[in-house]
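The chain contents come next:
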Amino acid sequence: MGLLDAILGRSKPVRPDLDQLFAVPSAALTLQAATGFTPTGLGSVCFAGVEGGGFARLQEDVRELLDADTERGGIPVEFSRDAYGYTWLLASHPADDTAGLVNDLHAVNTLLQDGGFGPHLLCSLIGFRGAEGADAAEGRSLALVYLYKRGTFYPFAPLPGDAEKRDNQLELQVRGALGDDLRVERDLSRWFPVWGAPGL
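Residues numbered from 1 in each chain as written. Predicted model: local features only at pLDDT ≥ 70, side-chain atom pairs only at ≥ 80, totals over all residues. Heavy atoms only, no water.

Asker: Outline the overall build of the chain, listing residues and values.
Answerer: The number of helices and strands found in the chain is 5 helices and 6 strands. Listed by position from the N terminus, the elements making up the chain come as α-α-β-α-β-β-α-β-β-β-α. For the chain, buried positions account for 42% of its 200 residues. A fraction of 66% describes how many contacts in the chain between residues 6 or more apart in sequence connect residues 24 or more apart. A total accessible area of about 10600 Å² is found for the chain, and carbon and sulfur atoms account for 51% of it. (Helix = DSSP H or I, 4+ residues; strand = E, 2+ residues; numbered from the N terminus. Buried < 20%, exposed > 50% of the residue type's maximum accessible area, 1.4 Å probe, protein only. Contact = heavy atoms within 4.5 Å. Areas by Shrake-Rupley, 256 points an atom, 1.4 Å probe, with all protein chains shown as cover.)

Asker: Tell me about the pairing of strand β4 (residues 121-130), and please be specific about residues and values.
Answerer: Strand residues, when the strand is regular, have side chains that alternate between the two faces of the sheet. Most of β4 is tucked away: 8 of the 10 residues are buried. Examined bridge by bridge, strand β1 (residues 37-48) and β4 share 8 bridges and lie antiparallel to one another. Bridging from a neighbouring strand, G43 pairs with I126 of β4. (Pairing = 2+ DSSP bridges.)

Asker: Please provide a residue-by-residue account of the packing of aromatic side chains, values included.
Answerer: Taken as a whole and assessed by the stated rule, the structure comprises 3 aromatic pairs. Judged by centre distance (5.0 Å) and plane angle (55 degrees), the ring pair of Y146 and F153 falls under tilted. Judged on exposure class, the residue Y146 and its partner F153 are both buried. Plain terms: the ring middles of F156 and W195 are 5.1 Å apart, the flat faces sit at 75 degrees to each other, and that makes the pair edge-to-face. Residue F156 is located in strand β6 (residues 152-156), and its partner W195 is located in the segment after α5 (168-178); the two are separated by 39 residues in the primary sequence. Classification of F156 as buried rests on a relative accessible area of 0%. The class of W195 is partly exposed, set by a relative accessible area of 29%. (Phe/Tyr/Trp six-rings, centres within 6.5 Å; stacked < 30°, edge-to-face > 60°.)

Asker: Describe in detail the environment of L58, supporting the description with residues and values.
Answerer: Tracing the backbone shows L58 in helix α3 (residues 53-66). The class for L58 is buried, based on a relative accessible area of 9%. Those residues in contact with L58 that sit more than four places away from it in its chain are L111, L112, G115 and F117.

Asker: Any chance you could break down the nonpolar core for me, citing the residues and the numbers?
Answerer: Counting residues in each nonpolar core, the largest one holds 48 residues, and the members touching the most others are F128, V145, L182 and V194. Once residues lying within four places of it in the same chain are set aside, the contact partners of V145 are C123, S124, L125, T152, F153, Y154, F156 and V194. (Core = buried A, V, L, I, M, F, W, Y, C linked by side-chain atoms within 4.5 Å.)

Asker: If you had to explain the pattern of salt bridges to someone new, which residues and values would you point to?
Answerer: In total, this model carries 4 salt bridges according to the counting rule given. For E171, the salt bridge goes to R166, with nearest N and O atoms at 3.0 Å. Of the two residues, E171 and R166, neither departs from the other in class, the shared state being buried. Between D187 and R190 there is a salt bridge, with the nearest N and O atoms lying 3.6 Å from each other. The exposure class assigned to D187 is partly exposed, which follows from its relative accessible area of 30%. (Salt bridge = Lys/Arg side-chain N within 4 Å of Asp/Glu carboxyl O.)

Spelled out as structure tokens, the structure:
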């Protein structure tokens, strides 16, 4: 960063650090102990869709990579598009295989980044559900969202029901619980809602 950038208050963008995703399995244990939320085995990657043969080939490469174990009982990945035109890839693993899920999400992000589509990556999401018997948490949804361009995580906790409302208190509780495990996004204005995201 140059002197002029410092004077004008501009900061250098944080370089994405995809290895931050590998901290999620241990953070999941902390989260379960602190809040009663457990992994669902579902995770997704969101990226801005790009037209063209190169991107279509890359999508097929991603599908082939992640579907390689379907013959051994693995669950195929699913692609979908949301109302805003963003593409989501949903990966599924057994709920107790958070490490395998994170490996898949990391592989997708890396393939897209190495294929020149890094600027189109938006976020990755790992789903959690309130455990039975955990009074306030039972049956509730929660996601840890990794912001690709910021290299940080934030919690997203939609309230049950049709209204698009968040449980801000739970999100702040999760931030406090995971502060030593994950690089949590400090700017709350960047804790974007991901209503209806696959894997949530």
